[in-house]
Amino acid sequence: MDIIEIIEKKKNGLILSEDEINFVVREYLNENIPDYQMSAFLMTIWFKGMNYDETNHLTIAMARSGRIIDLSSIPGIKVDKHSSGGVGDKTTIALIPMVSAAGVTVPKLSGRALGHTGGTIDKLESINNFITDLSIEKFIENIKRTKASIISASADISPADKKIYALRDVTGTTDSIPLMASSIMSKKIAGGADAFVLNVTVGEGAFLKKLSDAISLAKIMVNVGKSNHKKTYVIISSMEQPLGYAVGNSLEVQEAIELLNNRGPSDLKELCFFLGSYMLIAAGIVKKQIDGITLLQETIKSGKALNKFIEIVKNQNGQISQIKKPSLLPRAKYHEDIYSFRKGFISKVQAKTIGQAAMLLGAGRKKKDEHIDLSVGIILKKKTGDPVKANETLATVYFNSVEKYSLIKESVQKSFHITDQKPEVKPLILKVIS
Ligand code: URA
């Protein structure tokens, strides 16, 4: 087989065979296909797309490029969750304790921050000594004991996706539906759970900007799940503004703990309850979504979800006192408020700009392996639809470098759009596909 012929074939809009797709994945991982040819291959997929069978073959080839975790020793239905990425998305940190307190078994594999989007693993590492790279044996042991564990998807989980994702990130091919579907599903299948609840985000702060694209992605992932005997639910939600108020690692952990204490932002709560209720349905614990939501509310009110989080953190060696007293989490040296120029209503808070500003402060990474500062970030004081006075605080920026702060303060202020009329606030949850 020849990579040039395969690129030509896709360039001409033809369908690739399973063997051809396996060849590309295997030979790229073995370094027999160089980055420049793989880039051309990915770009032809960006332009010409892939049909359902091709996407499924690509998913399986990537999943099988590494280890497929065997969770069969854990009884019951195991449900994993994934998000296609967003700004201020700390759902996993609040959601996993809630659903596991309600009886769901959750083997959760998470990722790190890249670009303007954050990563659960970095966020959790703001808890002192929290170990995210547990061995699979320890991961399984924790799930058996506590019903949940959250670890980083190690190098041997879908290694082809890791290599291809890094190349997509620098070749303008992240927002391809078949590439996103195969990337997400390969990691989930390799993670070994029986069912998946996936959150696809759409809007300014997400990879996909159009609802129709998010629906196409969702349908493909549900079908890939079906072909691999994994029940899959996709919840499409809006990422036009950051989720919750906090953006930045330790600030987001603190906000997730707020939610587990039955406080916290209403949009974060709504998304957690929505995703969680489908995790409960997938696990066979409830039949109706409303019953799932009631059960999840109860885990928060009773303190069971918070206790479950403490258990998860304890199993992974984290410092419990920081969960009980979140003010002990890492704190930046300085903070400054950003003020509004005028009065009116907030018509928009640009999620991507806020995410990029947090990244530039040090909360995220432009390139893989860059060191990040867990203590810095931004707390929004206003969200879309809120009234605002002139000179009122829009956001507080937490930073350790005055130079970095001066580089981003204007963009943070400009990311808040203010109008005279109160805008219509669009719903957070846009669609469910299963
Ligand atoms: N998240 C992933 O894991 N992969 C993508 O391609 C996009 C979002």
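Residues numbered from 1 in each chain as written. Predicted model: local features only at pLDDT ≥ 70, side-chain atom pairs only at ≥ 80, totals over all residues. Heavy atoms only, no water.

Asks: In this structure, what is going on with the packing of aromatic side chains? I would like to understand it.
Replies: Any pair of aromatic rings gets described here by the distance separating the centres and the angle formed by the planes. Scanning the entire structure with this criterion turns up five aromatic pairs. On the basis of an interplanar angle of 75 degrees and a centroid distance of 5.0 Å, the ring pair of tryptophan 46 and phenylalanine 47 is categorised as edge-to-face. Classification of tryptophan 46 as partly exposed rests on a relative accessible area of 34%. The class for phenylalanine 47 is exposed, based on a relative accessible area of 59%. Arranged with centres 4.4 Å apart and planes meeting at 10 degrees, the rings of phenylalanine 399 and tyrosine 405 form a pair that is stacked. (Phe/Tyr/Trp six-rings, centres within 6.5 Å; stacked < 30°, edge-to-face > 60°. Buried < 20%, exposed > 50% of the residue type's maximum accessible area, 1.4 Å probe, protein only.)

Asks: Would you mind showing me how to read the domain arrangement of the protein here?
Replies: Accessible area lost upon the coming together of the parts is a frequently used measure of interface size. Parsing the protein into structural domains produces domain 1 (3-49), domain 2 (79-324) and domain 3 (330-419). On a C-alpha basis, the centres of domain 2 and domain 3 stand 24 Å from each other. Carbon and sulfur atoms make up 56% of the area that domain 2 and domain 3 hide from each other, which totals about 2300 Å². On the domain 2 side of the contact with domain 3, Glu204, Tyr245 and Leu251 bury the most area, a combined 25% of that side's loss. There are two salt bridges connecting domain 2 and domain 3. Applying the counting criterion to the domain 2 and domain 3 interface returns 13 residue pairs in polar contact (both at pLDDT 80 or more). (Domains from an automatic or database assignment. Buried area = accessible area lost by both parts, 1.4 Å probe. Salt bridge = Lys/Arg side-chain N within 4 Å of Asp/Glu carboxyl O. Polar contact = N/O pair within 3.5 Å; in protein donor to acceptor, adjacent residues only side chain to side chain.)

Asks: Quick question: what am I supposed to make of the site of the ligand here?
Replies: His82, Ser84, Tyr165, Arg168, Met180, Ser183, Ile184, Lys187 and Phe207 make up every residue found near the ligand. For the ligand, an oxygen atom lies 2.8 Å from a polar atom in the side chain of arginine 168. Burial of the ligand by the protein amounts to 94% of the accessible area it has alone, namely 240 Å². For the shell around the ligand, the secondary-structure elements that each account for two or more residues are helix H8 (159-169) and helix H9 (177-191). At four residues, the largest contribution of residues to the shell around the ligand is made by H9. For the shell around the ligand, the per-class residue count stands at four nonpolar, three polar and two charged. (Near = heavy atom within 4 Å. Areas by Shrake-Rupley, 256 points an atom, 1.4 Å probe, with all protein chains shown as cover. Helix = DSSP H or I, 4+ residues; strand = E, 2+ residues; numbered from the N terminus. Nonpolar A, V, L, I, M, F, W, Y, C, P; charged D, E, K, R; others polar.)

Asks: Would you take a moment to explain the nonpolar core for this structure?
Replies: Soluble globular proteins tend to bury their nonpolar side chains together. Ranked by internal contacts, the top residues of the largest apolar core, which has 83 residues, are Ile127, Phe309, Ile354, Ile378, Val412 and Phe416. With eleven residues, helix H12 (residues 266-282) is the largest single contributor of residues to this core. Listed in part, the 25 residues of the second largest apolar core include Ala181, Leu208, Ile215 and Ala218. (Core = buried A, V, L, I, M, F, W, Y, C linked by side-chain atoms within 4.5 Å.)

Asks: Please clarify how the packing of H12 against helix H13 (residues 289-301) should be interpreted in this entry.
Replies: Geometry of a packed helix pair, given as the angle between the helix axes and the separation of the axes. Two numbers describe how H12 lies on H13: the axes approach to 8 Å, and their chain directions differ by 115 degrees. Put simply, H12 runs roughly perpendicular to H13. Crossing of H12 over H13 shows right-handed handedness. Every residue of H13 that contacts H12 at Cys272, Phe273, Phe274, Gly276, Ser277, Tyr278, Leu280 and Ile281 is listed here: Gln289, Gly292, Ile293, Leu295, Leu296, Gln297 and Ile300. (Axes fitted to C-alpha atoms, helices over the stretch in contact; angles between N-to-C directions. Parallel < 35°, antiparallel > 145°, perpendicular 65-115°, else oblique. Left-handed = near helix turned anticlockwise from the far one by under 90°. Contact = heavy atoms within 4.5 Å.)

Asks: Before we go on, may I ask you to explain the sheet that holds strand S7 (residues 334-339) in this structure?
Replies: Across the sheet, four strands lie side by side as S6-S9-S11-S7; this open sheet has antiparallel pairing. Each edge of the open sheet is held by one strand with a lone partner, namely strand S6 (246-247) and S7. Taken together, the two bridges between S6 and strand S9 (residues 377-380) define a ladder with antiparallel strand orientation. From the neighbouring strand, alanine 246 faces S9, where its bridge partner is isoleucine 379. Sitting on the sheet, helix H16 (residues 351-363) touches S6, S9 and strand S11 (393-399), and the angle it makes with S9 is about 145 degrees. Most of the contacts of helix H17 (residues 402-414) go to S7, to which it runs at about 25 degrees, and overall it touches S7, S9 and S11. (Pairing = 2+ DSSP bridges.)

Asks: Looking at this structure, I do not really get the packing of helix H4 (residues 52-63) against helix H10 (residues 211-227). What am I missing?
Replies: Two elements in contact, H4 and H10, have axes whose closest approach is 10 Å; the angle formed by their N-to-C orientations is 65 degrees. Both H4 and H10 take part in a crossing whose hand is right-handed. Contacts from Tyr52, Thr55, Asn56 and Thr59 in H4 reach Ile220, Asn223, Val224 and Ser227 in H10. When its residues are assigned to classes, the contact of H4 with H10 shows three nonpolar, five polar and no charged.

Asks: How should the pattern of salt bridges be read in this particular structure?
Replies: Working definition: two side chains of opposite charge can pair if their charged atoms are close together. Taken as a whole and judged by the stated rule, the model has 23 salt bridges. Between glutamate 31 and lysine 163 there is a salt bridge, with the nearest N and O atoms lying 3.8 Å from each other. Separated by 132 residues along the polypeptide, glutamate 31 in the loop between helix H2 (18-29) and helix H3 (35-48) and lysine 163 in helix H8 bring together distant segments of the chain. Accessibility expressed as a relative area gives 24% for lysine 163, which makes it partly exposed. A salt bridge links glutamate 252 to lysine 123, with the nearest nitrogen and oxygen atoms 2.8 Å apart. Within this pair, whereas glutamate 252 is found in helix H11 (residues 249-260), its partner lysine 123 is found in helix H6 (residues 120-124), the two being separated by 129 residues in sequence. By relative accessible area, which is 3% here, glutamate 252 ends up buried. Within the structure, one salt-bridge network assembled from shared partners comprises Arg112, Asp122, Glu125 and Arg365.

Asks: What exactly am I supposed to notice about unusual backbone geometry here?
Replies: Of all residues except glycine, most have a negative phi; of all peptide bonds, most are trans. Phi at histidine 229 is positive, roughly 60 degrees, even though this residue is not glycine. Tracing the backbone shows histidine 229 in the loop between H10 and strand S5 (231-238). When its relative accessible area of 74% is taken as the criterion, histidine 229 is described as exposed. In the Ramachandran plot, asparagine 317 falls in the positive-phi region, its phi being about 70 degrees despite a non-glycine side chain.

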